[in-house]
Amino acid sequence: APFLGFSDEDPANPIAKQMKDYCLREVEPLQREVEQEQVMALTEALGWGVTVEYLDRSPGEINHHSFLPDAKMQATLLYRPGHYDLLCR
């Protein structure tokens, strides 16, 4: 996890290995669903705000959730079960 600013080889930091294992297992592989933790990490890493619009066939208005809503840069993702699309305005 050098991209996080610490080495996964550091025995004094056991969380680093867990983080690397998590990223290798859940973040990097193709055909894996993105979870809220990855969206939150992306917003923090880029400093961008992200709004996720959920198109899940729930009755009523489209549900949404915003991460870093006050950030200067904003992006909107459309979530359909198993898939995200980046919406451009």
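Here we summarise the structure given alongside this text. All values derive from a computational prediction rather than experimental measurement.

Right, let's talk about a nonpolar patch on the surface for a bit. Among the surface-exposed residues, Leu42, Leu46, Trp48 and Met73 lie close enough to one another that they form a single nonpolar patch of about 380 Å² accessible area. Structurally, Met73 is set in the loop between strand E2 (63-67) and strand E3 (74-80). Looking at Met73, the relative accessible area reads 42%, which means it is partly exposed.

Considering all chains together, one arrives at 1 salt bridge under this definition. Between Asp85 and Arg80 there is a salt bridge, with its nearest N and O atoms 2.9 Å apart. The exposure class of Arg80 is partly exposed, given its relative accessible area of 37%.

Counting residues in each nonpolar core, the largest one holds 7 residues, listed as Val39, Val50, Val52, Phe67, Ala75, Leu77 and Tyr79. Of the residues forming this core, the biggest block, 3 residues, is contributed by E3. Among residues more than four places away in sequence, those in contact with Tyr79 are Glu33, Val52, Glu53, Tyr54, Leu55 and Tyr84.

Further remarks concern unusual backbone geometry. One non-glycine residue, Leu68, adopts positive backbone phi at about 50°. Position of Leu68 relative to the elements: it lies in the loop between E2 and E3.

Definitions and limits used
Residues numbered from 1 in each chain as written. Predicted model: local features only at pLDDT ≥ 70, side-chain atom pairs only at ≥ 80, totals over all residues. Heavy atoms only, no water. Patch = residues over 30% accessible without salt bridge, like charges linked within 9 Å, V, L, I, M, F, W, Y side chains within 5 Å. Areas by Shrake-Rupley, 256 points an atom, 1.4 Å probe, with all protein chains shown as cover. Salt bridge = Lys/Arg side-chain N within 4 Å of Asp/Glu carboxyl O. Helix = DSSP H or I, 4+ residues; strand = E, 2+ residues; numbered from the N terminus. Buried < 20%, exposed > 50% of the residue type's maximum accessible area, 1.4 Å probe, protein only. Core = buried A, V, L, I, M, F, W, Y, C linked by side-chain atoms within 4.5 Å. Contact = heavy atoms within 4.5 Å.

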